[in-house]
Amino acid sequence: LDDGGTWSERSTGLPANYIRSICPSRFSRTRVYVAAPGINRDDLGCRLYATEDRGLTWTPISAGLPDEVSYVILEDPTNENILYAGLLRGVYVSVDRGRTWSLLGPGLPAAAGADLVIQEREMDLLASTYGRGIYVMNIRPIREAFKTGTAAAPILFDPPAARLPWTNDTHRDPSLKTMEKVPLTFYLARAADVSLRVLDAKGNEVKAWRLAGRKGFNQVRWDLVVRTADSPEPYFVRYRDFAPAGDYEIRLEAEGVDLRRPLKVVARTSPDD
């Protein structure tokens, strides 16, 4: 408490394990979270803890998580009730400050979530896995869905602006290495079959999906392709037609559900944009 001038042990309730992750809370000066994996001493259980009194006492917050090695824990920068944890076989999220947990994202491989970091300007969660690469997920929908507590109604989230691939100046063919997918995210209070459609400014449908929506968060990542083609002709390059730049509407429909959000598609000004 004096910039390192003196030190006192604050480990009552913690196992004698390596402290791999420490996360002081932004919302309480006395609250801290730690991940204390014991893999180096053959303790392969889930060891996540919280303190509300500057470490005088520690309480486990791993109830409901797989009993496997935990590497890292993070607090959401905008909501004190949202926590993220990296475990041996995935990344998990809690929206009630560690009382319950859910697996975060079905697309993440069952690999060790060795480290987590939040890019706050973009609100992207980056997960570094052991042996399977680095993954990124935008967490704005999680923050929005639970900003006032438990989400009880369906939500269609505002998508970010979608950027078209760079178009070559000479041949006018798109550079596929600059192609990006825009996330279209929605939340369901219960599982349901849904229709997710993209309409242009005149109300014409340009893309549609029929989905078996899961309870909780769902996401479609659209590459902005509206039509594909193939040809045996030499020098054929028009394999994909992309939605033109402009204003669109995203529409989520199901029984008793009709939600709409605007989507802007923008052209790049350079190949490095």
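Residues numbered from 1 in each chain as written. Predicted model: local features only at pLDDT ≥ 70, side-chain atom pairs only at ≥ 80, totals over all residues. Heavy atoms only, no water.

A. Region of the structure containing the overall build of the protein chain. The number of helices and strands found in the protein chain is one helix and 21 strands. Taking the principal axes of its C-alpha atoms as reference, the protein chain extends roughly 75 × 45 × 35 Å. Looking at the protein chain as a whole, 41% of its 273 residues qualify as buried. The long-range share in the protein chain, meaning contacts at least 24 apart out of those at least 6 apart in sequence, stands at 49%. Looking at the protein chain as shown, the accessible area adds up to about 15,700 Å², and 50% of this sits on carbon and sulfur atoms. In the protein chain, which carries 36 positive and 36 negative side-chain charges, the distance between the mean positions of the two groups comes to 2 Å. (Helix = DSSP H or I, 4+ residues; strand = E, 2+ residues; numbered from the N terminus. Buried < 20%, exposed > 50% of the residue type's maximum accessible area, 1.4 Å probe, protein only. Contact = heavy atoms within 4.5 Å. Areas by Shrake-Rupley, 256 points an atom, 1.4 Å probe, with all protein chains shown as cover. Lys, Arg positive; Asp, Glu negative; His and termini not counted. Charge placed at Lys NZ, Arg CZ, Asp CG, Glu CD.)

B. Molecular detail of the layout of surface pockets. For the second largest pocket, the calculated volume is near 560 Å³. Leu 1, Trp 7, Ser 8, Arg 10 and Arg 54 are, among the 21 residues lining the second largest pocket, the residues nearest its centre. Class assignment of the residues belonging to the lining of the second largest pocket gives a composition of seven nonpolar, seven polar and seven charged. (1 Å grid on protein atoms, 1.4 Å probe; cavity = no way out; pocket = protein on both sides within 12 Å on 5 of 7 lines; lining within 4 Å. Points joined across faces, edges and corners; volume = space filled by probe spheres on them. Nonpolar A, V, L, I, M, F, W, Y, C, P; charged D, E, K, R; others polar.)

C. Highlighting the sheet that holds strand 7 (residues 90-94). In space, the four strands of this open sheet follow the order 5-6-7-8, with antiparallel pairing throughout. In this open sheet, the two strands that pair with only one neighbour each are strand 5 (70-75) and strand 8 (102-103). Across five bridges, strand 5 lies against strand 6 (residues 83-87) in antiparallel orientation. Residue pairing across strands places Ile 73 opposite Ala 85, the latter belonging to strand 6. (Pairing = 2+ DSSP bridges.)

D. Structural view of the pattern of salt bridges. For the structure on display, the rule yields 17 salt bridges. The residue Arg 47 makes a salt bridge to Asp 43 at a minimum N-O spacing of 2.9 Å. The buried category is assigned to Asp 43, whose relative accessible area is 15%. Note that Arg 89 and Glu 68 form a salt bridge whose closest N and O atoms lie 2.9 Å from each other. (Salt bridge = Lys/Arg side-chain N within 4 Å of Asp/Glu carboxyl O.)

E. Fine view of the sheet that holds strand 12 (residues 155-156). As summarised here, the arrangement of the three strands in space is 12-14-17, forming an open sheet in which the pairing is antiparallel. Whereas interior strands pair on both sides, the edge strands pair on one side only; in this sheet they are strand 12 and strand 17 (216-222). Note that strand 12 and strand 14 (residues 182-188) share two bridges and pair antiparallel. Looking across to strand 14, one finds that Leu 156 is bridged to Phe 186.

F. Highlighting the nonpolar core. Judged by nonpolar contacts, the single largest core of 23 residues is most densely connected at Leu 184, Leu 196, Trp 222, Leu 224 and Leu 263. Taken together, the elements giving at least two residues each to this core come down to strand 14, strand 15 (192-199), strand 17, strand 20 (246-254) and strand 21 (257-266). The dominant element in this core, judged by the number of residues it contributes, is strand 14, at four residues. When residues no more than four places from it in sequence are discounted, the contact partners of Leu 263 are Pro 159, Pro 160, Ala 162, Val 182, Trp 222, Gly 246, Asp 247, Tyr 248 and Ile 250. (Core = buried A, V, L, I, M, F, W, Y, C linked by side-chain atoms within 4.5 Å.)

G. Representation of the side chain of Asn 79 in the model. On the secondary structure map, Asn 79 appears in the loop between strand 5 and strand 6. The exposure class of Asn 79 is buried, given its relative accessible area of 10%. Separated by 3.1 Å, the side chain of Asn 79 and the backbone oxygen of Phe 146 make a polar contact. (Polar contact = N/O pair within 3.5 Å; in protein donor to acceptor, adjacent residues only side chain to side chain.)

H. Here's a closer look at the pairing of strand 16 (residues 205-213). Across eight bridges, the pairing between strand 15 and strand 16 is antiparallel. What sits directly across from Arg 197, in strand 16, is Ala 208. Where strand 15 folds back onto strand 16 in an antiparallel hairpin, the turn is made up of five residues, including Gly 203, whose phi is positive at roughly 85°.

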